[in-house]
Amino acid sequence: MSTAVDAGQHAEAGHGHDAHPAYLQHHFDNPQQQEGAAKLGMWLFLGTELLMFSGLFLAYFYMRSQYPEMVHEYHEYLNKWMGALNTLFLITSSLTMALAVRSAQVGKAKLSGRLLLVTIAFGLAFMVVKYLEYSAKFEHGLLPGDAFAEHVAGGVQAGWYGGPQLFFGIYFIMTGLHGVHVLIGIGLLVWIYVKTQRGAFSGNYYTPVENVGLYWHLVDLIWIFLFPLLYLVK
Amino acid sequence: MATTTVEGAAPAHEHAEELDFYKASRGIKSWLLTLDHKRIGLMYLAGVLLAFFAAGVIAIIFRAELMTPQIDLLAPAVGEGSATIGRELYNKLFTLHGAMMVFVFIIPAIPAALGNFLLPLMLGAKDVAFPRLNLLSFYVWLTGTLILILAILAGQLDTGWTFYTPYSTSTHGAAPVVLAVTGAFVLGFSSILTGLNFVVTVHKMRAPGLTWNRMPLMIWALYSTAVIQVLATPVLAITLLLLLFENAFNVGIFNPAMGGDPVLFQHFFWFYSHPAVYIMILPGFGIISEIIAIHSRKHIFGYKAIALSSVSIAVISFLVWGHHMFVSGQSEFASALFSFLTFAVAVPTAIKVFSWVATLYKGSISFNTPMLYGLIFIFTFSIGGLTGLHLGTLSTDVHFHDSYFVVAHFHYVMMGGTVIAFIGGLHHWFPKMFGKMYNENHGRIGALLVFLGFNLTFFSQFVLGAQGMPRRYAEYDPEFQGWHVASSIGSFILAAGLLWTLIYLLMALKNGKKATANPWGGASLEWATSSPPIAHNFHDTPHVDSDPYNFPEIDHTMKTGHH
Ligand SMILES: [Cu+2]
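Within every chain, residues take consecutive numbers counted from 1 along the sequence as written. Labels follow written order: the first chain is A, the first ligand is 1, and so on. Where local features are concerned, this predicted model is filtered to residues with pLDDT of at least 70; where side-chain atom pairs are given and counted, the filter is 80 or more; whole-chain, interface and lining totals use all residues. Based on all heavy atoms of the structure, the side-chain values leave hydrogens and waters out of the count.

Let us look at the overall build of chain A. Numbering goes from the N terminus for both helices and strands, where a helix is a DSSP run of H or I of at least four residues and a strand is a run of E of at least two. When you go through chain A residue by residue, the secondary structure sums to 7 helices and 0 strands. The order of helices and strands in chain A, counted from the N terminus, is α-α-α-α-α-α-α. Partly exposed residues are those whose accessible area sits between 20% and 50% of the maximum for their type, while under 20% is buried and over 50% is exposed, using a 1.4 Å probe and protein chains only. For chain A, buried positions account for 52% of its 234 residues. Two residues qualify as a contact provided that any one of their heavy atoms is within 4.5 Å of a heavy atom in the partner residue. Counting contacts in chain A only where the partners sit at least 6 residues apart, residues at least 24 apart contribute 74% of the total.

This is the structure in structure tokens:
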């Protein structure tokens, strides 16, 4: 590496003469490059996540435009209050996550760790409510496709053509995929928490905390779209 | 090299103690757990070549079957329903051939195998931005491939590589389709990981002085490809997920009997799979730009035009998917629009072809093996591209749709384009990758066999398609036999040429002459390090102060005329 250029950039980062701090991977020239790469990578990844969900949103709007009455009738079977509670959980967790990132940036690792724990707790609470919702659906046979029990339509044969099995199919695949993302998010938060406890982050190096934060906000954002589209159909 | 100052590179005596990346560490584990982009690239290379071989053998088997109008080779000699067994086997074979070639071979062939090896070298970087992600993408690819192979062994997979609904959700029990779709889904993730890694690498890992306008065109091509991989593949992932869901629960979203829409599936599928065509061909364009310029010792004509045409192809490729659905019942307005946009892709593509030809003009051309493949590419790809216009035209497409004309067209583009470029690139960078030279004359013979075999195989199929021979049939009317036999013989010649190539390249690995650091006199950074490169690519970070096509012998008084 050409020392003249690199030394200057290191000084800028506040690392003085320490050419390779422990967190700097060998193939990067300086911490700025590593941080820039990690952030760009994360944003691209979030882009792929959005594009993936966009396919599901398209499927949802297709179904809704084709069978508006069916969607309207069957969305009533979703529990609005549980959905609202979960929305509250996730929005609050986004706040605690943002605070955790901020604390990490200013070097308050202890506070950051506690806030991460609170975020994890909200994530788990979301999954508990999800579990309750799902078990109620299973109990009443409100399921996708063939598993849909026909008796729920009050004895009236709903009919397969554009029937409720379509709505519950979309419901389960959208909330299910989102739930998987919440679980992955919780896993990442635990990982970040453990690293924080071990003192891996400082005011100079906190990129992983930031990136997990971005991911968690995306999970939150997707839910903010899912909730009105599925639970509050007008 | 003369205009690219590379501080401290090359002079071997200075760094005699530094070993090349093969010798830097030893043992099977040092390969399987490597984070070195060069080793990962080579593991990919071995993998994709195996896949190419397997899928190629399958093609030869059904080309042999197609020598005669009736089903014979694939059917058991005796017994009731033996013809049915043969037909079903035929359906399985072409599905395998397509799925393996597309998902396992062509998509990763240039970016993940050659690209992985070359991208950091050409950028003057030590590695890609995320080496661990890079290794992960390899194992994800391997997993996806194994699942796909399992699907094949599991039973009757005969949907074709496109998995069209409702057939793919109702045929032969769900197991093989579910497995195959899972395999493609997993392979998609591998592709996303590579793409993401490459985009970040190009943005963040360029050597000092390597501005966007000094990047080799191969990098521009890999970059455009990576952007498509990142933007399109997630849509494939969700499509396949919906298809899996459909198979598991019979939701009905793609099933007309239940109020769903199979055309919706087609929209989803082609929204990925048309851009995917450019994931396959764009890296090929990059290779050809390098080969044509270096081996004709002339500055590439229209550098910016070629670079930006890659980007504009990447953009337009997202707007043309409907041309696969002209006869599916989509609205006529949509068809007309998609047809128009399809023609629009021809413009940036033609810019590239004209630029290559203009680069050759008055160049000092060496007719070595890479250059021969470059010339073959221009010839066959032009045919492939122009026949694409026949298919993009609404009226002619109605006639050609689902015929051998389509088969011939995409083989001219995919095989005559991408695979030819891949083989050309393999020869061009062979000295760099393995530190050995192959025998030029052997190379020329191979190129000739491939050229003749390829054109005989697929030109015959243009004729067959125009005469009305539909694709994907094990049996056909006797009047088609002549062209079918010609096509089959061509495929045997092609196979012989490819086998020959494989053999002399393997021989060169063992007995080839030692390659110098820069055997072709290239000016881009990969030629500035030793052959094969050291583990960290460069002894010192290189600095770039000129563009990669400023060959030392170029007469700079002439150069102004090019731009
Ligand atoms: Cu297309």
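Let us look at the coordination of the copper ion. Because no water is among the atoms considered, metal sites can look incomplete, with donors defined as N, O and S atoms within 2.8 Å of the metal, or 3.2 Å for Na, K and Ca. Coordination sphere of the copper ion, protein contribution only: H274(B) (ND1), H323(B) (NE2) and H324(B) (NE2), at 1.7 to 2.0 Å. Overall, the relative accessible area of 23% leaves H324(B) in the partly exposed class.

Okay, the packing of aromatic side chains next. All names here are of chain B. Within 6.5 Å between ring centres, the rings of Phe, Tyr and Trp (the latter by its six-membered ring) count as paired, and their orientation is classed by plane angle as stacked under 30 degrees, edge-to-face over 60, tilted in between. Following the criterion strictly, the structure yields 57 aromatic pairs over all chains and no others. Pairing Y90 with F94 gives two aromatic rings, centres 5.8 Å apart and planes at 65°, and the pair type is edge-to-face. Note that Y90 and F94 are positioned in helix α3 (residues 82-123) at a spacing of 4 residues, about one turn of the helix. Like Y90, the residue F94 is buried in the burial classification. With a centroid separation of 5.9 Å and 50° between ring planes, the pair formed by F271 and F318 is classed as tilted. One end of the pair, F271, is in helix α8 (residues 262-295); the other, F318, is in the loop between α9 (303-316) and α10 (332-360), with 47 residues separating them in the sequence.

What follows concerns the nonpolar core. All names here are of chain B. The term nonpolar core refers to a set of buried residues drawn from Ala, Val, Leu, Ile, Met, Phe, Trp, Tyr and Cys, joined through side-chain atoms within 4.5 Å. In this structure, F103, F105 and W356 are the most contacted members of the largest nonpolar core, which totals 228 residues. The contacts of F103, once residues within four sequence positions are left out, are P108, W161, F163, A184, L187 and L236. In terms of nonpolar packing, the next biggest core, distinct from the first, is built from 18 residues, A59, L74, F94 and A474 among them.

A residue's pLDDT is simply how confident the predictor is in it, with values from 0 to 100. For chain A, mean pLDDT is 84; residues scoring 70 or higher make up 86% of the total. pLDDT under 50 marks residues 154-158 of chain A. Its contacts with residues more than four places away, or in other chains, come to 5 contacts.

A few words on the layout of surface pockets. Reported here for the second largest pocket is a volume of approximately 1,400 Å³. Lining the second largest pocket we find 37 residues, and of these M42(A), L188(A), W191(A), N211(A) and L133(B) sit closest to its centre. When residues of the lining of the second largest pocket are traced back to their parent elements, those giving at least two are α2 (31-66), α6 (164-197) and α7 (207-231) of chain A together with α4 (131-154) and α6 (175-204) of chain B. Of all the elements, α2(A) adds the most residues to the lining of the second largest pocket, at 8 residues. By the convention adopted, Pro, Cys, Tyr, Trp, Phe, Met, Ile, Leu, Val and Ala count as nonpolar, Lys, Arg, Asp and Glu as charged, and the other residues, Gly among them, as polar. Of the residues belonging to the lining of the second largest pocket, the class tally is 27 nonpolar, 7 polar and 3 charged. Definitions used for this entry: grid spacing 1 Å over protein atoms alone; cavity, a set of points where a 1.4 Å probe fits but cannot get out; pocket, an open set with protein on both sides within 12 Å along at least 5 of 7 lines; lining residue, one with an atom within 4 Å of a point. Grid points are joined across faces, edges and corners, and a volume is the space filled by probe spheres set on the points.

Here we come to unusual backbone geometry. A negative phi holds for most residues other than glycine; trans holds for most peptide bonds. Residues and elements named next belong to chain B. Residue S531 is joined to P532 through a cis peptide bond whose omega torsion reads -15°. Although it is not a glycine, R472 adopts a positive phi angle of roughly 65°. When you line up the elements, R472 lands in the loop between α14 (440-467) and α15 (481-511). Positive phi is not limited to glycine here, since N537 has a value of about 70°. Considering the arrangement of structural elements, one finds N537 in the loop between α15 and α16 (556-559).

On the chain A side, the residues contacting the 41 residues of chain B number 37 residues. As used here, buried area is the combined drop in accessible area, with a 1.4 Å probe, of two parts when they are placed together. Summing the contributions of chain B and of chain A, the shared interface buries around 3,300 Å²; its carbon and sulfur component is 73%. Every case where a carboxyl oxygen of Asp or Glu lies within 4 Å of a side-chain nitrogen of Lys or Arg is listed as a salt bridge. Where chain B packs against chain A, one counts 1 salt bridge. A salt bridge links K126(B) to D29(A), with the nearest nitrogen and oxygen atoms 3.2 Å apart. Distance and chemistry together define a polar contact, namely a pair of N or O atoms within 3.5 Å, with one atom able to donate a hydrogen and the other to accept it when in protein, and with adjacent residues in sequence counting only for side-chain atoms on both sides. Summed over the shared surface of chain B and chain A, the result is 4 residue pairs in polar contact (both at pLDDT 80 or more). Examining the composition of the side of chain B that touches chain A, we find that 10 residues originate from one element, helix α7 (residues 217-249) of chain B, more than from any other. The class makeup of the residues in the side of chain B that touches chain A is 27 nonpolar, 8 polar and 6 charged.

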